[in-house]
Amino acid sequence: VRAETYSPGPNCEAQMFWEVIVAEEGNPFARLLLFGLDSTATDGIDSQLGESELPPFPPAGVFEARLFLPDNNFSGSLGSYCDFRYAVLPYTGQKEWRLAYQTIYGNTINISWDFPSYMAGVLKDIINGTFINVPMIDSGSYTVQDPYTFDRLRMLIDFNVTSPVELVSFSANVSNNSVELSWVTATELNNSGFEIERSPSPTPSLKEG
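A quick note: this is a predicted structure, and the numbers were derived from the prediction, not measured.

Visitor: Just to check I follow, could you spell out the state of the cysteines for this structure?
Guide: In a disulfide, the sulfur atoms of two cysteines are held together by a covalent bond. Overall, the coordinates contain 1 disulfide when judged by the stated rule. Across the disulfide from Cys 12 sits Cys 82; the S-S distance is 2.3 Å. Here Cys 12 is found in the loop between strand 1 (3-4) and strand 2 (16-24), whereas its partner Cys 82 is found in strand 6 (residues 82-86), with 70 residues between them in sequence. Judged by relative accessible area, Cys 12 falls into the buried class, the value being 5%.

Visitor: Is there a simple way to explain the environment of Gln 145 in this structure?
Guide: Within the secondary structure, Gln 145 sits in the loop between strand 11 (139-144) and strand 12 (152-160). Residues Gln 145 and Ile 109, 36 residues apart in the sequence, show an inter-C-alpha distance of 7.0 Å. Look past the residues within four positions of Gln 145 in its chain and what remains in contact with it is Asn 107 and Thr 108.

Visitor: I keep staring at the pairing of strand 3 (residues 29-38) and nothing clicks. Help me out?
Guide: A large share of strand 3 lies buried, amounting to 9 of its 10 residues. Relative to strand 3, strand 2 runs antiparallel, the two being bridged by 8 bridges. Paired with Phe 17 across the two strands is Gly 36, which belongs to strand 3. Counting the residues that bridge the hairpin from strand 2 to strand 3 gives 4 residues, and of these Gly 26 lies at a positive phi of roughly 85°. When strand 3 meets strand 6, the two strands line up parallel, connected through 5 bridges. Bridge pairing in strand 6 links Leu 34 to Cys 82.

Quick notes on the rules
- Position numbers for residues count from 1 along each chain, tracking the sequence in the order it is written.
- Thresholds applied to this predicted model are a pLDDT of at least 70 for local features of residues and 80 or more for the giving and counting of side-chain atom pairs; totals over whole chains, interfaces and linings are not thresholded and use all residues.
- Side-chain metrics in this entry use all non-hydrogen atoms of the structure; hydrogen atoms and water are not considered.
- Only a pair of cysteine sulfur atoms within 2.5 Å qualifies as a disulfide here.
- Comment: elements are numbered from the N terminus, with helices defined as DSSP H or I runs of at least four residues and strands as E runs of at least two.
- Each residue is placed in one exposure class: buried if its accessible area under a 1.4 Å probe, protein chains only, is under 20% of its type's maximum, exposed if it is over 50%, and partly exposed if it falls in between.
- A contact between two residues is defined here by any heavy atoms of the two lying within 4.5 Å.
- Paired strands are those between which DSSP finds at least two bridges.

Structure below.
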């Protein structure tokens, strides 16, 4: 069971977005952070996408986690629980996000993710990228053993989004004189709906008899 100290509001969403969960050992609460891509996003606070600037970190002894925005090449102080980057979809390329956190108990921080097949990344420390260098593929997690030294991490994500709709399954069932269609999609980018077409019934042939 995962309790969350923050649930993104209904306006905290983009054309494509995913989540990273930051939790602390011994703490029943976790922080859900959203990141993603949108054609209206900037490096600053995008209020139209639900991003909102957070106050400075609370005093030591309070668990907190957030995303630092890339203003001034990540040297600024803008932080938010969701951070969306500019991209025209479909999109192929790399984007960087940065996680920041502090602990109550000071033991470990656990970062978990569940990514689709069209994206993969790497989690690195911001010192030189060699102390922490962890692939982020499919579902996984990483435990930061020294969250005082490594209290911020870089998250480099490679995207290969080539299709506006990723179809997972499609089925058709015949019932009396009707056909029921069912499908499941993994992603839908700028999709306003689906159009179903049916081939005309073949004209019956006449036989001489």
